[in-house]
Amino acid sequence: MEERKGRRLLLFPLPLQGHINPMLELANILHLKGFSITIIHTHFNSLNPSTYPHFTFHSIPDGLSESEAATKDLVLLLSLLNAKCIEPFRECLVRLLSDASEEPVACLISDVIHFFTESVADSLKIPRIVLRTGGASSFAVFAAFSLLREKGYLPLQESRLEEPVIEFPPIKVKDLPLINRCITEEYSKLVSGLSNGAKASCGVIFNTFEDLEEHALARINQELPNIPVFPIGPFHKFYPTSSSSDLFSIDHSCISWLDTQAPKSVVYVSFGSIAAMKEAEFSEIAWGLANSNQPFLWVVRPGLVQASEPFPSGFLETLNGRGHIVKWAPQKEVLAHPAIGAFWTHNGWNSTLESVCEGVPMICMPCFTDQMVNARFASDGWKVGLQLENGMERGEIERTIRKLVVEKEGEEIRERALKLKEKANLCFKQGGSSYQSLDGLVKHILSLESVVFQSQSH
Ligand SMILES: O=c1ccn([C@@H]2O[C@H](COP(=O)(O)OP(=O)(O)O[C@H]3O[C@H](CO)[C@@H](O)[C@H](O)[C@H]3O)[C@@H](O)[C@H]2O)c(=O)[nH]1
């Protein structure tokens, strides 16, 4: 732990698992760099302060009704949070800024999707840095939506799906980050909020590293010429911690089950915290796994499939201990386990990065938004995975698993994944690109304080 800086940072995560994890990891990093940490969180998906006794927590009402909080419409949820949190967030900031018993606030670090924080922070004259929890490549694509419209890529046309997006190799038109290939007005508003919110910030932090997303980072530096950009990932590797920010309860039984399996044999299957699928798709996955003859560990989170009995009849009986199914796994520990041979993922950014860090080759099956971009980079950019291009069909699933885990054809992919792991494990060590960028971030935060002290003294 570095010497205390006598400064407090206010961190405001978006209340979704894939956003909470990296924000709290960033909080740990900055705490170890000497800052005091205050986390502001919504009642919706509220956090458990007892797992982070070294931070201060403040919960704000988000104004969501019961039905709004239960919505499966992600775009609606994000729009509602941006509209309804404004006043409670402002009141919370005013209280925190006027609390003379606490160390002075150096800045706010907000999830970039909470773009409403820009006007609140401006009105209170608090410098605002944003955290992009997704990758830099997908961010660069989001930031170029107007260009993509001008060039005719958007809205998507069925006849052009397989064409390359020349400005963003190796992305194809079908990989553009949308939901169900549609671009609604609400979605457009979110995308411009995200991009304009970053442009109006005092800095953008990315959970990525130079060697992984060099081109995208260079492009972002060009697009945001006056905004410092800090690629300081992979966050979870800097100072691994046992603190958990999981919204689901973790089933550790899978680790002792993995201990009984052969090295590099198990397919770990997880589609993150939001993705959902139809019963028919779920059934294809089940039979693809069963027919592959490889052992598998499958996370079937509540809500992944809408069915009272999700498993197809006869499936569980065929397994004979070859499959282990849990509701929520300790994913980072799982991916680091020597028994893991492949990760069948939806390519949420955290899962993608966690897989890269452990050298685990991926079976890519993106569901929506940035996941399409991440999956294309994993399969065609870094070439550390195979993408299921034709939906979920048991025969293709079985062939893809065997190719990636056992067959000669997958050997180069497996080797490349290990090489990329080496790079991932160098960047956060002394002298590495993320290590240096983190030093830059700390200096930058300290340089912002003249602005905030002036405003706090009024
Ligand atoms: O059984 C499990 C399954 C997941 N995880 C963790 O949960 C997180 C899931 O994050 P991610 O892989 O990014 O998936 P989503 O939950 O789908 O993440 C959302 O947030 C991401 C970051 O912004 C986006 O890239 C995704 O598209 C968006 O859906 C990761 O840290 C996993 O380690 C577990 O610990 N146990």
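Residues numbered from 1 in each chain as written. Predicted model: local features only at pLDDT ≥ 70, side-chain atom pairs only at ≥ 80, totals over all residues. Heavy atoms only, no water.

Not every one of the 25 residues close to the ligand is listed here, only the nearest: Ser-273, Ala-329, Ser-351, Glu-354 and Asp-370. Between the ligand and Trp-328, the relevant distance is 3.5 Å, taken from a nitrogen atom to a side-chain nitrogen or oxygen of the residue. The separation between an oxygen atom of the ligand and a polar side-chain atom of Glu-354 is 2.6 Å. The protein chains hide 97% of the 690 Å² of surface that the ligand would expose on its own. Sorting the residues of the shell around the ligand by element identifies helix 1 (17–32), strand 8 (266–270), helix 15 (349–358) and helix 16 (370–381) as the ones contributing at least two each. For the shell around the ligand, the class distribution of residues is 7 nonpolar, 15 polar and 3 charged. (Near = heavy atom within 4 Å. Polar contact = N/O pair within 3.5 Å; in protein donor to acceptor, adjacent residues only side chain to side chain. Areas by Shrake-Rupley, 256 points an atom, 1.4 Å probe, with all protein chains shown as cover. Helix = DSSP H or I, 4+ residues; strand = E, 2+ residues; numbered from the N terminus. Nonpolar A, V, L, I, M, F, W, Y, C, P; charged D, E, K, R; others polar.)

Here the focus is the pattern of salt bridges. Enumeration over the complete set of coordinates arrives at 23 salt bridges. Between Arg-8 and Glu-102 there is a salt bridge, with the nearest N and O atoms lying 2.9 Å from each other. One end of the pair, Arg-8, is in strand 1 (residues 8–12); the other, Glu-102, is in the loop between helix 4 (86–98) and strand 4 (105–111), and 94 residues separate them in sequence. In this structure, Asp-380 and Arg-376 form a salt bridge, with 3.3 Å as the shortest nitrogen-oxygen distance. In this pair, Asp-380 and Arg-376 are both assigned in helix 16, 4 residues apart and thus about one turn of the helix distant. (Salt bridge = Lys/Arg side-chain N within 4 Å of Asp/Glu carboxyl O.)

A few words now on the nonpolar core. Leu-9, Leu-30 and Ile-109 are the most contacted members of the largest nonpolar core, which totals 112 residues. It is helix 1 that provides the largest number of residues to this core, a total of 7 residues. One finds Trp-298, Val-300, Ile-363 and Ile-413 within the second-largest nonpolar core, a separate group that totals 30 residues. (Core = buried A, V, L, I, M, F, W, Y, C linked by side-chain atoms within 4.5 Å. Buried < 20%, exposed > 50% of the residue type's maximum accessible area, 1.4 Å probe, protein only.)

So, on to the packing of helix 3 (residues 74–84) against helix 8 (residues 185–199). Between helix 3 and helix 8, whose axes approach to 10 Å, the crossing angle comes to 55°. For the element pair helix 3 / helix 8, the angle class is oblique. Between helix 3 and helix 8 lies a crossing whose hand is left-handed. Note on element contacts: helix 8 touches helix 3 through Glu-186, Tyr-187 and Leu-190, opposite Val-75, Leu-78, Ser-79 and Asn-82. In terms of residue class, the contact of helix 3 with helix 8 is made up of 4 nonpolar, 2 polar and 1 charged. (Axes fitted to C-alpha atoms, helices over the stretch in contact; angles between N-to-C directions. Parallel < 35°, antiparallel > 145°, perpendicular 65-115°, else oblique. Left-handed = near helix turned anticlockwise from the far one by under 90°. Contact = heavy atoms within 4.5 Å.)

Attention now moves to helix 12 (residues 279–292). Its 14 residues place the ends of helix 12 20 Å apart at the C-alpha level, agreeing with the 20 Å of an ideal helix rising 1.5 Å per residue. With 10 of its 14 residues buried, helix 12 lies for the most part within the structure. What helix 12 keeps buried is the set Phe-282, Ser-283, Glu-284, Ile-285, Ala-286, Trp-287, Gly-288, Leu-289, Ala-290 and Ser-292. Those residues of helix 12 that are buried are in contact with strand 8, strand 9 (296–299), helix 13 (315–318), strand 11 (340–345) and helix 17 (394–405). (Expected span 1.5 Å × (residues − 1).)

This brings us to the pairing of strand 1. The element strand 1 is largely enclosed, with a buried count of 5 among its 5 residues. Here strand 1 shows two buried faces, one formed by Arg-8, Leu-10 and Phe-12 and the other by Leu-9 and Leu-11. Bridge analysis of strand 1 against strand 2 (residues 36–42) gives 4 bridges, and the strand direction is parallel. Looking at the pairing, Leu-11 lines up with Ile-39 of strand 2. (Pairing = 2+ DSSP bridges.)

Scanning the model with the defined rule gives 22 aromatic pairs in all. Relative to Trp-382, the ring of Trp-349 has its centre 6.4 Å away and its plane inclined at 65°; by these criteria the two rings are edge-to-face. One end of the pair, Trp-349, is in helix 15; the other, Trp-382, is in the loop between helix 16 and strand 13 (385–387), and 33 residues separate them in sequence. Across the pair, Trp-382 and Trp-349 agree in class, each one buried. Clustering of aromatic rings is evident, with ring pairs tying together Phe-282, Trp-287, Phe-296, Trp-298, Phe-311 and Phe-315. Here the guanidinium or amino end of Lys-5 rests over the ring plane of Phe-35, the centre of that ring lying 5.9 Å away. (Phe/Tyr/Trp six-rings, centres within 6.5 Å; stacked < 30°, edge-to-face > 60°. Lys NZ or Arg CZ within 6 Å of the ring centre and 35° of its normal.)

What follows is about the packing of helix 6 (residues 136–143) against helix 8. Packing of helix 6 against helix 8 brings their axes to within 9 Å, and their N-to-C directions diverge by 110°. One way to sum up the angle between helix 6 and helix 8 is to call them roughly perpendicular. Counted together, Phe-139, Phe-142 and Ala-143 of helix 6 and Tyr-187, Val-191, Leu-194, Ser-195 and Ala-198 of helix 8 form the full contact between these two elements. For the contact of helix 6 with helix 8, the per-class residue count stands at 7 nonpolar, 1 polar and no charged.

On to the domain arrangement of the protein chain. Interfaces are often sized by the accessible area lost when the parts come together. If you check the domain split of the protein chain, you get domain 1 (8–233 + 430–457) and domain 2 (253–424). A C-alpha centroid distance of 28 Å is found between domain 1 and domain 2. Residue-level contacts link 32 residues of domain 1 with 24 residues of domain 2. When domain 1 packs against domain 2, the two sides together hide about 2,300 Å² of surface, and 66% of this comes from carbon and sulfur. Among the residues of domain 1 in contact with domain 2, Pro-170, Phe-209 and Leu-212 are the three that bury the most area, contributing 23% of the side total. Where domain 1 meets domain 2, there are 3 salt bridges. Elements represented by at least two residues in the side of domain 1 that touches domain 2 include exactly helix 1, helix 6 and helix 9 (210–223). When residues in the side of domain 1 that touches domain 2 are grouped by element, the largest group, 5 residues, is from helix 1. For the side of domain 1 that touches domain 2, a count of residues per class yields 14 nonpolar, 10 polar and 8 charged. (Domains from an automatic or database assignment. Buried area = accessible area lost by both parts, 1.4 Å probe.)

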